[in-house]
Amino acid sequence: MVSAETVILDQAGVGRALTRIAHEILERNKGSDQLVLVGIRSGGDLLAAELNRRIAEIEGEGVPLGTVDITMYRDDLAARGSLPVGKTEIPFQLDGKQVILVDDVLFTGRTIRSAMDALMDFGRPSSIQLAVLIDRGHRELPIRADFVGRNVPTARAEKIDVQFDEQSVPREVRLIKP
Amino acid sequence: MAFGHKHILGIEQLSREDIQLILDTGDAFKEINSRDIKKVPTLRGKTIVNAFFEASTRTRLSFEIAGKRLSADTVNIAGSTSSVVKGETLEDTAKNIEAMAPDIIVIRHGHSGAPHYLAERVGCSIVNAGDGAHEHPSQALLDLMTIREHKGTIEGLEVAIVGDITHSRVARSDIYALTRMGARVRLAGPGTMIPPGIEKLGNVVVCRNMLDAIDNADVVMMLRIQLERQSKTLLPSLREYARFYGLNPKNIKLAKADAIVMHPGPMNRGVEISSYVADGVQNVILDQVANGVAVRMALLYLVSGVEAMETQQG
Amino acid sequence: MSKLLIKGGRVLDPAQGLDKSCDILVEDGRIAAIEANIDAAGVETIDASGRLVTPGLVDIHVHLRDPGLEYKEDIVSGTQAAVAGGFTAVACMPNTKPVNDSLAVTRYILDKAATEGHCRVFPIASITKGLAGDSLAELGELREAGCYAASDDGKPVASSEMMRRAMEYARPFDMTIVSHAEDLELVGAGVMNEGPVATELGLKGIPWVAEDAATARDIMLAELTGCHLHVAHVSTKGSVELVRQAKQRGVNVTCEATPHHFTLTDEAVRGYNTNAKMNPPLRSEQDRLAICAGLADGTIDAIATDHAPHHLDEKNVEFNIAMNGIVGLETALPLTLQLVRDGVIDLTRAIELLTSGPARCLGLPVGRLEVGAAADITLIDPEQQWTVAADQLHSKSKNSPFVGWSLQGGAVCTIVGGRVAFART
């Protein structure tokens, strides 16, 4: 079976989207004072690091950066078995912070639900906002992103693949048809 | 890679890759234990029965905490090993437990092979928490996790295990685990406590005395002398045991300067280990206990995935 | 006058060096003729072409569990299993409830065997009253009642003095003393052979020296007293060698080995298989090979099953607390024939080890095909392929490590005293 792949965002496109999102985050939160970034493994953590670079460029310094692994919070143990558990690293307090949760692709919303549960176990943020590079629709939970790089209408069976280079810099986004 | 073991009956059945995965998973779970809210919903709705047919405090506690931190419902039952006393066979006991639909039974039993016996007769996952003189897999895994934390790797290490090898399930599991991960194991103990053929379990050398075993070792593991189990034919006295097989500030100097000292607990201070060593900078005994919770969380999590998939497909 | 003609088989009687194609005519329970082409028109005829026709097989080590332990086996079911396995005579051990240490129990066994049993039964008396090891049973009277041998089988006679006196006392009665050779202190709490497998499984081991030391003692006592000693179920290389040396210097000693000890090793225990738990335990490959050598060179006189039925409940438990022993009557013949196929012994020797060999060990008047002798005859199909299935065993108990094994060879017809006691359909 031949699967068709289309590049829907090239390296420059990803860069522009992230820069725009960084500006939007700072604008909405009136600066970076109480801001922290938490990326979801794996993919979101790399994008969060990219976003933080841009925030640093704009604001002069970055914000606290953490990663969350949502494996322990999944709801599909029975369907997928015991997936490898990655490390969650949030080396700072979340209480009272404005948390920007970062993921690469927003799909059913279940990953975000899991990530929010995880964050709540670490403290009581004043708010959680969601930043994603791609929103491909097909939500199964009442979740929406606050910051979106690109909305991509997809069929359910299609896949979105966000690729990174060796330096963990996002290279391109492909849409893969089954 | 996927974990394929529904039961954890012994290290013997685990490959190097399995052990690696368990240790990595344990590392990830360890972070939970330092949180304010030490609980994740991973095994929400799962029921774990800790069936301890032999007295145990720390292993049972460790498994119980591990289950609870993963949000499983853990229930403890204690019983006597002797079916005569219970008036019920182990199979009947197990079938009764099974009728209440647990997902995992963690079993500690005085008879070697009891976990195998259950695994053949019940549908849920069985995790061996120590069976007779056979295996104590979770202890060996927490030992490996602790060694890896301190030494970075297990490959190539020289590990001395000293004490009553014959009656030690910890020694057997550690021998399998250490040699499978590329360590070399040296054993020492009284002649009455070295079982025949032990060197066939892995890359193991039996030393004539304790000093040869700990000479230049990276890790020194002291086994507990079961005071209550020793008949007069195995040892002349604890005094003599301490002299020839006890770890003290003098003989520990034979080991590498950065060697770590381990003990599965509970310690008999002044017998197999001197307090000067037990409380010294080289001891990692409390790290072992802390890692015990993490590695048991890993085991419960990994077998649950296999069990859950099987249930869904079945 | 009842007659039976066994026609066209290969008649094999090692005791007489007989191995030829001929017919056997049975009249009134006795062998009337062994000749080629017996013409007996109108007589009931069994076609034995392609079959081995041998003396009825003899098993001198069987636990019939009757009286008292009939939930495991009884004289009816045990002898049914015997004839199904080709045996026409069995000697049963005295560790029943009550123990066979009295005329009453011996008579009970003989009566029940005569009226309800399927084959001949030779009760073995206990050496000591109640198997307790501290006072001699009434061996003279028991011998008179039909006990050719005495044994405390299941446990050793621990006291050397007691064993010495038993041999001295039994000798003038022409009674064989059967030794269950085991030093209980060296056995301790052991549950399997001591060695790498026991170490790996974390099970307490029984060292070979527990058997060898006791075998050596009993051989020396036989040497001292002149009594005929029969060593039951030798399982170690050392025991075989001790018997070999004793025979060379003329000691009146015989011994037997079981099919499981010449077929299996302690590797069979892996997985905590309680049907591989027996006493003496399955030993190492070295021991197994020594037993094969002993069977071949004549050191070992007999193959005996140590048929030890146990109820499912007694085996379906943790290994440590499972009962010792396995059933063996229905698998002994094919396992022995396997030795022939493996080149360990020849066919004549195999049949000798199952007929005249065991009969000689206890002095039993069976195991030969002679004109005038009782017509105990076994017809064997050496080619028959079959799979051991628990539900097809005739024994009440199914505790066999060979369940599920594919075996070759078996009894197709077992004739006891001229009567067909078993015929495979």
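The rules behind the values
In this convention, every chain numbers its residues from 1, walking through the sequence in written order. Chains and ligands are labelled sequentially in the order written, the chains with letters from A and the ligands with numbers from 1. With the structure being a predicted model, the display of local features is reserved for residues of pLDDT at least 70 and the display and counting of side-chain atom pairs for 80 or more, all residues being used for whole-chain, interface and lining totals. Residues of type Ala, Val, Leu, Ile, Met, Phe, Trp, Tyr and Cys that are buried and joined through C-beta atoms within 7 Å form what is called a nonpolar core. The burial criterion counts other C-beta atoms lying within 10 Å of a residue's C-beta, which is placed from the backbone; the residue is buried at 20 or more, exposed at 12 or fewer, and partly exposed between these limits. Comment: elements are numbered from the N terminus, with helices defined as DSSP H or I runs of at least four residues and strands as E runs of at least two. We call two residues in contact whenever the C-beta atoms placed from their backbones are within 7 Å. Strands pair, by our definition, only if DSSP identifies at least two bridges between them. When the strands point away from the viewer and the connection leading from the first strand across the helix to the second strand turns clockwise, the crossover is called right-handed. For every element, the axis is a line fit to its C-alpha atoms; helices are fit only across the contacting stretch, and the angle between N-to-C directions ranges from 0 to 180 degrees.

> Sorry, what's going on with the nonpolar core here?
Grouped together as the largest cluster of nonpolar side chains are 276 residues, with contacts concentrated most on B:V220, B:L300 and C:A150. A per-element tally of this core places helix α11 (residues 285–313) of chain B first, with 10 residues. Here B:L300 is in contact with B:L43, B:I48, B:A66, B:G67, B:L70, B:A72 and B:I104, once residues within four sequence places are set aside.

> Please explain the pairing of strand β5 (residues 127–135) of chain A as it appears in this structure.
Consecutive side chains along a regular strand alternate between the two faces of the sheet. All names here are of chain A. Pairing between strand β4 (residues 98–106) and β5: eight bridges, direction parallel. Along β5, the bridge assignment pairs V99 with I128. Chirality of the crossover, the property in question, places the unit of β4, helix α4 (residues 110–122) and β5 among those that are right-handed. As defined by bridge partners, β5 adjoins strand β6 (residues 147–151) across four bridges and the pair is classed as parallel. Bridge pairing in β6 links I134 to R150.

> Honestly, the sheet that holds strand β8 (residues 219–222) of chain B in this entry has me stumped. Any pointers?
Within a sheet, adjacent strands bond to each other through the backbone by hydrogen bonds, running parallel or antiparallel. All names here are of chain B. With parallel pairing, five strands are arranged side by side in an open sheet as β7-β6-β5-β8-β9. Bordering the open sheet on either side are β7 (204–206) and β9 (260–262), each of which pairs with just one other strand. For this sheet, the mean angle separating the axes of adjacent strands, direction not counted, is 20 degrees. As paired strands, β8 and β9 are joined by three bridges and run parallel to one another. In the sheet register, V220 faces β9, and the bridge partner there is V261.

> Explain unusual backbone geometry to me, please; I cannot follow it from the model alone.
One can expect most non-glycine residues to show negative phi and most peptide bonds to be in trans. Here the amide bond leading from B:G265 into B:P266 is cis, since omega sits at -10 degrees, within 30 degrees of zero. You can see B:P266 is positioned in the loop between β9 and α10 (275–278). Its identity is not glycine, yet C:D28 carries a phi of approximately 50 degrees, on the positive side. Looking at the element boundaries, C:D28 is found in the loop between β2 (18–27) and β3 (30–35). Judged by C-beta crowding, with 12 C-beta atoms within 10 Å, C:D28 ranks as exposed. Phi at C:Y272 is positive, roughly 60 degrees, even though this residue is not glycine. Within the secondary structure layout, C:Y272 lies in the loop between α9 (259–263) and α10 (285–297).

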